[in-house]
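Chain by chain, the residues run as shown.
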Amino acid sequence: MANSKYEYVKQFESQDKCLPNCWIVVRIDGRNFHKFSDEHNFEKPNDEGCLRLMNSCAEYVMTEFRDIIIAYGDSDEYSFVFRRNTTQFSRRASKLMTNIVSQFASCFVFNWSKFFRGKELKYPPAFDCRVVLYPTNQNLRDYLSWRQADCHINNLYNTCFWMLVQRDNCTTKEAEERLRGTFSSDKNELLFSKFDINYNDIPPLFRKGSVLFWQKVEEKIVKQCRSKESDVVETREITRQRNIVITQHVDIIGDEFWKLHPEILGDS
Ligand code: DGT
Ligand code: MG
Ligand code: MG
């Protein structure tokens, strides 16, 4: 087809290819989830239904974009890591970003009723999204450690805060003042001495967030085969390998996880 005289406008589009060889991290975050969690009466500090809904969306995103090798999420955010040499969307940042965030958001709405039976979704939620590139494995591990450390800091603070409000009848202002300037050890001590809570007994979903990655599993399938020589139909059991997404709530700051799963950062 002949070019139209208007086609020159394409030159105005900017190139946004991600640098080669870098890890591509796509992070989504709920827009104004402070209000969203209030409007939907989320449990404080953690609403298990919402976290499980977020995890189901992340799992769906991973199965749609199979070059995502690991994802990490907590609160209203999720980070998706594309393998270093992905050619998905020719590595165009805007394509990667918009596809991931829109897929996640539509999934959130689509799956809402499965996780909140009988609770109405009051308005359509939105998520922001950014792309960040990391050139080295250490940079990527530090990025993921940063997000998990953030989950820990927020969860410890929020657990103390809501205990003071819900069980000690503090106002939110008083709880804030009580916690100002305290260290982790002070907060652990407060939970233990005042509320008889051992922080380590709080579910790992809340303390550690969620890590999603691929794992090979063997599955047995039963197949009906007709032999060439005769018309006899035989039933055979065949073993085949399949990749599935695994969800864990484990530490990814230390070395143990990475030693257990060298294929994630390895030659992928
Ligand atoms: P943003 O991201 O700048 O648009 O603003 P927010 O309000 O989304 O702020 P952000 O992302 O820094 O913090 C997440 C907010 O969502 C925070 O106020 C706590 C709330 N939130 C997330 N998950 C839960 C939950 O499971 N339960 C409750 N009660 N609140 C939650
Ligand atoms: Mg947010
Ligand atoms: Mg957030």
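Notes on the structure in this doc start here.

**Let's talk about the coordination of the magnesium ion (ligand 2)**
At the metal site, the magnesium ion (ligand 2) is ligated by Asp 29 (OD), Gly 30 (O) and Asp 76 (OD), and these contacts range over 2.0 to 2.2 Å. Each of the six donor atoms bound to the magnesium ion (ligand 2) contributes to angles spanning 82 to 178°, and the resulting shape is octahedral. The motif formed by the donor residues of the magnesium ion (ligand 2), counted along the single chain, is D-G-x45-D. In this structure, the magnesium ion (ligand 2) lies 3.4 Å from the magnesium ion (ligand 3), and both are coordinated by Asp 29. Highlighted residues: Gly 30 in strand E1 (residues 23–30) and Asp 76 in the loop between strand E2 (68–74) and strand E3 (77–82), separated in sequence by 46 residues. In this pair, the class of Gly 30 matches that of Asp 76, namely buried.

**Here's the deal with the nonpolar core**
Of all hydrophobic cores here, the largest spans 35 residues; its most connected members are Ile 28, Tyr 78, Phe 80, Ile 100, Phe 104, Phe 108 and Phe 127. Listed by contribution, the elements that provide at least two residues to this core are E1, helix H1 (33–39), helix H2 (48–64), E2, E3, helix H3 (93–115), strand E4 (127–134) and strand E5 (210–226). The biggest single contributor to this core is H3, with nine residues. When residues no more than four places from it in sequence are discounted, the contact partners of Tyr 78 are Val 26, Arg 27, Ile 28, Met 54, Asn 55, Ala 58, Ala 71, Tyr 72, Gly 73, Phe 104, Ser 210 and Leu 212.

**Brief notes about the pairing of E2**
Two faces belong to every sheet, and in a regular strand the side chains alternate between them. The buried fraction of E2 amounts to seven of the seven residues, a majority that puts the element mostly inside the structure. As defined by bridge partners, E2 adjoins E3 across six bridges and the pair is classed as antiparallel. Paired with Ile 68 across the bridge in E3 is Phe 82. In sequence, E2 turns back onto E3 through a hairpin of two residues, with Ser 75 there showing a positive phi of about 50°. Alignment of E2 against E5, held across four bridges, turns out to be antiparallel. Bridging from a neighbouring strand, Tyr 72 pairs with Val 211 of E5.

Reading the values: the criteria
Residues numbered from 1 in each chain as written. Chains lettered and ligands numbered in written order. Predicted model: local features only at pLDDT ≥ 70, side-chain atom pairs only at ≥ 80, totals over all residues. Heavy atoms only, no water. Donors = N, O, S within 2.8 Å, 3.2 Å for Na, K, Ca; no water. Tetrahedral: all angles 85-135°; square planar, octahedral: opposite > 155°, others 65-115°. Helix = DSSP H or I, 4+ residues; strand = E, 2+ residues; numbered from the N terminus. Buried < 20%, exposed > 50% of the residue type's maximum accessible area, 1.4 Å probe, protein only. Core = buried A, V, L, I, M, F, W, Y, C linked by side-chain atoms within 4.5 Å. Contact = heavy atoms within 4.5 Å. Pairing = 2+ DSSP bridges.

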